[in-house]
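Structural overview for review
Single-letter residue listing:
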Amino acid sequence: PDLAANMWTNPGEIAGNNIDDDGNGYVDDVHGWDWAYGDNDPSDVNGHGSHTSGTVGAVGNNGVGVVGVNWNVKIMALKFLNDSGSGSTSNAIAALNYAVNKGVKVSNNSWGGGGFSQGLYDAIENSKSVGHLFIAAAGNSGVNTDTSAHYPSSYSNDNIISVAAIDVNDAKASWSNYGATTVDLGAPGVDILSTTPNNSYSYYSGTSMATPHVAGAAAMVYALNPTWTYGQVRDRILSTVRPIAALSGRTVTGGTLDLAAAV
């Protein structure tokens, strides 16, 4: 209920008629698509997707649960990981291409794994055609990604923002990856309360939890400046960080997300 009002609904699709009304190759894709199971029900079972969605855009000021970073946003559900959290890079590419074909400006990518994929790199590069920003979790291995790459956050595309996790005391989470040239900024990622399946709320930790803070912020900066390029939005977010000692020399900006300054 804390997500329902902000879920994206496909304006070109008529629900339940078993016809691909918008001609995009997906039948009855009313709220998105599920590539893991090949159907039009992208409902989350694992909990991870619901949790990150709530941080991006749980409904605000409704007296229920939590609030997202961005109260006025549309959440498109694109599921390519199965209920155990595993999936293929090819389906990740399909999910990103779906979003780009619908003109989506921001994606939250709280996932990682696998080696370098030219196909995924190319898909992220192609997403710039609609001004897309690909917000990516830096990973939870506690390593320097300047020397130990983590994908997709370590791709060199200039429309990626890679996000590390900090705690309530502005300390870098011990398990958060970092990198002076490959991780851009930090955001809250320890003991984050958000929406989970079956109308519940749970505390999760991870760079996965930090990333949707930045995705929500990017969507808000874009909404306030609709004529901006992806580069202008990215630069605004990175140039307005709040410097913190824990990320000095460990991220590109040496700071953590500051939405008030960005807007």
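Higher on the page you've got the structure.
Residues numbered from 1 in each chain as written. Predicted model: local features only at pLDDT ≥ 70, side-chain atom pairs only at ≥ 80, totals over all residues. Heavy atoms only, no water.

**So, the pairing of strand 7 (residues 192-196)**
It is a general feature of regular strands that their side chains alternate between the two faces of the sheet. Inclusion rule: Any residue under 20% of the maximum accessible area for its type is buried, any over 50% is exposed, and the rest in between are partly exposed; the area is computed with a 1.4 Å probe on protein chains only. Segments assigned H or I by DSSP are reported as helices when at least four residues long, segments assigned E as strands when at least two residues long, and all are numbered from the N terminus. For two strands to pair, DSSP has to find at least two bridges joining them.
The buried count for strand 7 comes to 4 of 5 residues, which makes it a mostly enclosed element. Hairpin connection, strand 7 to strand 8 (residues 200-204): the antiparallel pair is bridged by 3 residues, and Asn 198 has positive phi, about 65°.

**Looking at the packing of helix 4 (residues 207-224) against helix 5 (residues 230-239)**
Where we set the bar: Lines fitted to C-alpha atoms define the axes here, with helix axes fitted over just the stretch in contact, and angles between the N-to-C directions of these axes take values from 0 to 180 degrees. Any angle between 65 and 115 degrees counts as roughly perpendicular, while under 35 counts as roughly parallel, over 145 as roughly antiparallel, and the rest as oblique. We call a crossing left-handed when the near helix sits turned anticlockwise from the far one by less than a right angle, and right-handed when that turn is clockwise. The contact definition used throughout considers only heavy atoms, calling two residues in contact when any of these lie within 4.5 Å. Each residue gets one label: Ala, Val, Leu, Ile, Met, Phe, Trp, Tyr, Cys and Pro are nonpolar, Asp, Glu, Lys and Arg are charged, and the others, such as Gly, are polar.
Orientation of helix 4 relative to helix 5, taken along the N-to-C sense of each, is 120°, at an axis distance of 10 Å. On the basis of the axis angle, helix 4 is oblique to helix 5. In the crossing of helix 4 with helix 5, the sense of the turn from one axis to the other is right-handed. Touching Val 214, Ala 217, Ala 218, Val 221 and Tyr 222 of helix 4 are Tyr 230, Val 233, Arg 236 and Ile 237, all from helix 5. The class makeup of the residues in the contact of helix 4 with helix 5 is 8 nonpolar, no polar and 1 charged.

**Re unusual backbone geometry**
With an omega of 15°, the peptide bond running from Tyr 151 to Pro 152 counts as cis. By the element assignment, Pro 152 lies in the loop between strand 4 (133-137) and strand 5 (160-166). One non-glycine residue with positive phi stands out, namely Asn 61, at about 60°. Relative to the helices and strands, Asn 61 is located in the loop between helix 1 (48-57) and strand 2 (77-79).

**So, the side chain of Thr 211**
Structurally, Thr 211 can be placed in helix 4. Note on Thr 211: relative accessible area 0%, which makes it buried. Apart from the residues lying within four places of it in its own chain, the contact partners of Thr 211 are Asn 108, Asn 109, Ser 110, Ile 135, Ala 136, Ala 137 and Val 163.

**Details of the environment of Thr 211**
Just so we agree on the cut-off: Here a polar contact is taken to be a pair of N or O atoms separated by no more than 3.5 Å, where protein atoms must pair a possible hydrogen donor with a possible acceptor and residues adjacent in sequence count only if both atoms sit in side chains.
C-alpha separation for the pair Thr 211 and Pro 11, spaced 200 residues apart in sequence, amounts to 28 Å. Of note is the side chain of Thr 211, whose polar atom sits 2.8 Å from the backbone oxygen of Thr 207.

**Quick word on the pattern of salt bridges**
To be explicit about the condition: Within this document, salt bridges are pairs made up of a side-chain nitrogen of Lys or Arg and a carboxyl oxygen of Asp or Glu, the two lying within 4 Å of each other.
Enumeration over the complete set of coordinates arrives at 7 salt bridges. The residue Asp 34 makes a salt bridge to Lys 79 at a minimum N-O spacing of 4.0 Å. On the criterion of sequence distance, the pair formed by Asp 34 in strand 1 (residues 32-34) and Lys 79 in strand 2 is long-range, its members being 45 residues apart. Through salt bridges that share partners, Asp 34, Lys 79 and Asp 83 make up one connected network.

**Some details on the packing of helix 1 against helix 4**
Between two packed helices, both the angle of their axes relative to each other and the distance between the axes serve to describe the pair. At their nearest, the axes of helix 1 and helix 4 sit 8 Å apart, and the two run at 35° to each other. In this structure, the crossing between helix 1 and helix 4 has a hand that is right-handed. Contact residues: helix 1 offers His 48, His 51, Thr 52, Thr 55 and Val 56, while helix 4 offers Ser 208, Met 209, Pro 212, His 213, Ala 215 and Gly 216. Here the contact of helix 1 with helix 4 is built from residues that sort into 4 nonpolar, 7 polar and no charged.

**Section: the pairing of strand 8**
Pairing of strand 7 with strand 8, which is carried by 5 bridges, proceeds in the antiparallel orientation. When the bridges of strand 8 are listed, Ile 192 appears paired with Tyr 204.

**Looking at the packing of aromatic side chains**
Threshold: Any pair of Phe, Tyr and Trp rings, taking the six-membered ring for Trp, is counted once the centres come within 6.5 Å. Such a pair is stacked with planes under 30 degrees apart, edge-to-face with planes over 60 apart, and tilted for the rest. Criterion for a charge above a ring: Lys NZ or Arg CZ within 6 Å of the ring centre, and within 35 degrees of the ring normal.
Counted by the stated rule, this structure contains 11 aromatic pairs. Ring centres 6.3 Å apart and planes at 35° place the aromatic pair Phe 116 and Tyr 121 in the tilted group. A relative accessible area of 49% means that Phe 116 is categorised as partly exposed. Linked through ring pairs, Trp 8, Tyr 26, Trp 33, Trp 35 and Tyr 98 together constitute an aromatic cluster. Directly above the aromatic system of Tyr 178 lies the positively charged group of Arg 250, at a separation of 4.8 Å from the ring centroid.

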